[in-house]
Amino acid sequence: MDKRIFSGIQPTGNLHLGNYLGAIQNWVRLQDDFECVYCVVDLHAITVPQDPAELRQSTREVAASVLAAGIDPKRSILFNQSRVPQHAELAWIFNCVARLGWLNRMTQFKEKAGKNRENATVGLYAYPTLMAADILAYKATHVPVGDDQKQHLELTRDIAQAFNAMFGEEFFPQPEPQILGKATRVMSLRDGTAKMSKSDPSEYSRITMTDDADAIMTKIKKAKTDPQPLPSEIEGLEGRPEARNLVSIYAALAEISEEDVLTQFGGQGFGAFKPALADVAIAKLAPITAQMTTYMQDPAQIDAILDDGAERAHAIARPVLADVRRLTGFLGSSLG
Ligand code: TYM
């Protein structure tokens, strides 16, 4: 079977450096070698309450960031999930394949629902079956994601296997996670043991793709560190989560190894390292931010790109769902 890439990103607030280094930078690279389908997952966004006007705006903004980062809408497909009804249709079928026990193990639900589990939406609980549907509606074989999505990919593979076994046919592929690069799990700038995340209440915990040079410099200068100078060897980062995080961010941005970062900065304090890190971050992000602003000045162009992407995505997913309907035993063809 030919390789096909699928990945998604939620339109909830500004994208941050973790999204960029963990996912989007890899999405851009993969376009050179594969057919790629990239999706702004608005159906996933509504698993927690959203303001409708803000959701529309965030969908355009996230599309603009992805385009600005280098996704070429002629080569790759970029669209928003809710436009292609096959995602929701397949998710329902997968809700009838996946078992409660499988979903009960999902750590993301536990983290997001927190203590108030009874009040979480059913959609938040079923988030991973929709994600499996996203991937398998395109029979995607490779899924570039950050480290935090590993468990959801394992569930996707289990669902594919269970579906195939149920209907006695090798219908869906077993999609492989592609956890690539040097920063597959970017940590908060305020706490080296917590993941950098859109939902962290502190703005200083993350660098976003709309931060200007001053904001990036300030956030990196304020980043939590320890009083020791940087070590010259990787082993010296043991037990120093903040130092490790900043070193791996530097390596990922400058596209060099962590060893090379330490060869350059070993023995120096954070007073010297932080401004150098801010410089590489600004050099990498400033052109993307500028390009994103240009896209946002022309929302009609973004909408046209998403329209075209939705049509091309639909053309792939529709026949897959027609086969799924036949295997499942549904009478007649879908109107969607
Ligand atoms: P989202 O929007 O939460 O994250 C988008 C991508 O960014 C990665 N990521 C990180 N990588 C490294 N360090 C971090 N601190 C960090 N934070 C986020 C995520 O791993 C992800 O790759 N559930 C998906 C969206 C989705 C999806 C899909 C992905 C929906 N359907 C189908 C792949 C295939 C998510 O986490 O979105």
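Each remark here, short or long, concerns the structure printed above.
About the thresholds
Residues numbered from 1 in each chain as written. Predicted model: local features only at pLDDT ≥ 70, side-chain atom pairs only at ≥ 80, totals over all residues. Heavy atoms only, no water. Helix = DSSP H or I, 4+ residues; strand = E, 2+ residues; numbered from the N terminus. Rg over C-alpha atoms; globule rule 2.2 N^0.38 Å. Buried < 20%, exposed > 50% of the residue type's maximum accessible area, 1.4 Å probe, protein only. Contact = heavy atoms within 4.5 Å. Areas by Shrake-Rupley, 256 points an atom, 1.4 Å probe, with all protein chains shown as cover. Lys, Arg positive; Asp, Glu negative; His and termini not counted. Charge placed at Lys NZ, Arg CZ, Asp CG, Glu CD. Near = heavy atom within 4 Å. Polar contact = N/O pair within 3.5 Å; in protein donor to acceptor, adjacent residues only side chain to side chain. Nonpolar A, V, L, I, M, F, W, Y, C, P; charged D, E, K, R; others polar. Expected span 1.5 Å × (residues − 1). Bend = angle between axes of the 7 residues up to and from the residue. Core = buried A, V, L, I, M, F, W, Y, C linked by side-chain atoms within 4.5 Å. Domains from an automatic or database assignment. Salt bridge = Lys/Arg side-chain N within 4 Å of Asp/Glu carboxyl O. Phe/Tyr/Trp six-rings, centres within 6.5 Å; stacked < 30°, edge-to-face > 60°. Lys NZ or Arg CZ within 6 Å of the ring centre and 35° of its normal. Pairing = 2+ DSSP bridges. Right-handed = clockwise from strand over helix to strand, strands pointing away.

A. Broad picture of the overall build of the protein chain. From N to C terminus, the protein chain includes 13 helices and five strands. A globule of 336 residues ought to have a C-alpha radius of gyration of about 20 Å, and the protein chain, at 21 Å, matches this closely. Seen along its three principal axes, the alpha-carbon backbone of the protein chain occupies a region of about 70 × 45 × 40 Å. Split into buried and exposed, the 336 residues of the protein chain put 50% on the buried side. Considering only intrachain contacts with a sequence separation of at least 6, the fraction spanning at least 24 residues in the protein chain is 75%. A total accessible area of about 15,400 Å² is found for the protein chain, and carbon and sulfur atoms account for 51% of it. Positive and negative side-chain charges in the protein chain, numbering 35 and 42 respectively, have mean positions lying 3 Å apart.

B. Quick peek at the site of the ligand. The ligand sits among 27 residues. The nearest are Gln 10, Tyr 127, Asp 134, Asp 148 and Val 186. Gly 146 places a main-chain nitrogen or oxygen 2.9 Å from an oxygen atom of the ligand. Contacts to the ligand include Gln 149, whose side-chain N or O atom sits 2.9 Å from an oxygen atom. Breaking the shell around the ligand down by element, the ones donating at least two residues are β1 (4–9), α1 (17–30) and α7 (122–136). Split by residue class, the shell around the ligand holds 11 nonpolar, 11 polar and five charged.

C. Broad picture of α7. Given a rise of 1.5 Å per residue, 15 residues ought to cover 21 Å, and the 21 Å separating the end C-alpha atoms of α7 matches this to within 8%. Its maximal kink placed at Pro 128, α7 deviates by approximately 45 degrees.

D. Fine view of the nonpolar core. In this structure, Leu 21, Ile 24, Phe 273 and Leu 277 are the most contacted members of the largest nonpolar core, which totals 60 residues. Counting residues domain by domain, this core receives three or more from each of domain 1 (4–184 + 298–328) and domain 2 (203–294). Leaving out residues up to four positions away in the same chain, Leu 277 has contacts with Ile 220, Leu 246, Ile 249, Tyr 250 and Leu 253. Formed by 46 residues, the second largest nonpolar core is a distinct cluster that contains Cys 39, Leu 124, Ala 132 and Ala 133.

E. Highlighting the side chain of Ser 197. With respect to the helices and strands, Ser 197 occurs in the loop between β5 (176–178) and α9 (213–222). A distance of 2.8 Å separates the side chain of Ser 197 from the side chain of Ser 199, its partner in a polar contact. Residue contacts for Ser 197: discarding those within four places in its chain leaves His 16 and Arg 206.

F. Representation of the pattern of salt bridges. A complete count under the given rule lists 18 salt bridges for this structure. Here Asp 147 and Lys 150 are joined by a salt bridge, their closest N and O atoms 3.6 Å apart. Taking the relative accessible area as the measure of exposure, Lys 150 reaches 39% and is therefore partly exposed. In this structure, Glu 238 engages Arg 244 in a salt bridge whose closest nitrogen and oxygen atoms are separated by 3.9 Å. Look at the salt bridges and you will find they share partners, linking Arg 29, Glu 255 and Lys 284 into a network.

G. Structural context of the packing of aromatic side chains. Tallied over the entire structure, the rule returns 14 aromatic pairs. Taking the centre distance of 6.2 Å and the plane angle of 55 degrees together, the rings of Phe 79 and Tyr 138 count as tilted. Of this pair, Phe 79 sits in strand β3 (residues 77–80) while Tyr 138 is found in the loop between α7 and β4 (142–144), placing the two residues 59 residues apart along the sequence. Judged by its relative accessible area of 0%, Phe 79 falls in the buried class. Ring pairs connect the aromatic residues Phe 94, Phe 163, Phe 167, Phe 171 and Phe 172, which therefore count as one cluster. The aromatic ring of Phe 171 is capped on one face by Lys 139, whose charged end is 3.8 Å from the ring centroid. When the ring centre of Tyr 204 is taken as origin, the NZ or CZ atom of Lys 222, which lies over that ring, is 5.3 Å away.

H. The pairing of β3, seen in detail. Residues of β3 alternate between two faces, with Ile 77 and Phe 79 on one and Leu 78 and Asn 80 on the opposite face, all of them buried. Where strand β2 (residues 35–40) meets β3, four bridges bridge the pair, whose relative direction is parallel. Across the sheet, residue Cys 39 finds its bridge partner in β3, namely Phe 79.

I. Region of interest: the pairing of β1. Where burial is concerned, most of β1 is hidden: five out of the six residues are buried. For β1 and β2, the ladder comprises six bridges, and the chain directions are parallel. Of the residues in β2, the one forming a bridge with Ile 5 is Cys 36. The parallel pair β1 and β2, bridged by α1, forms a crossover whose chirality is right-handed.

Worth remembering: the numbers are spatial, not functional.
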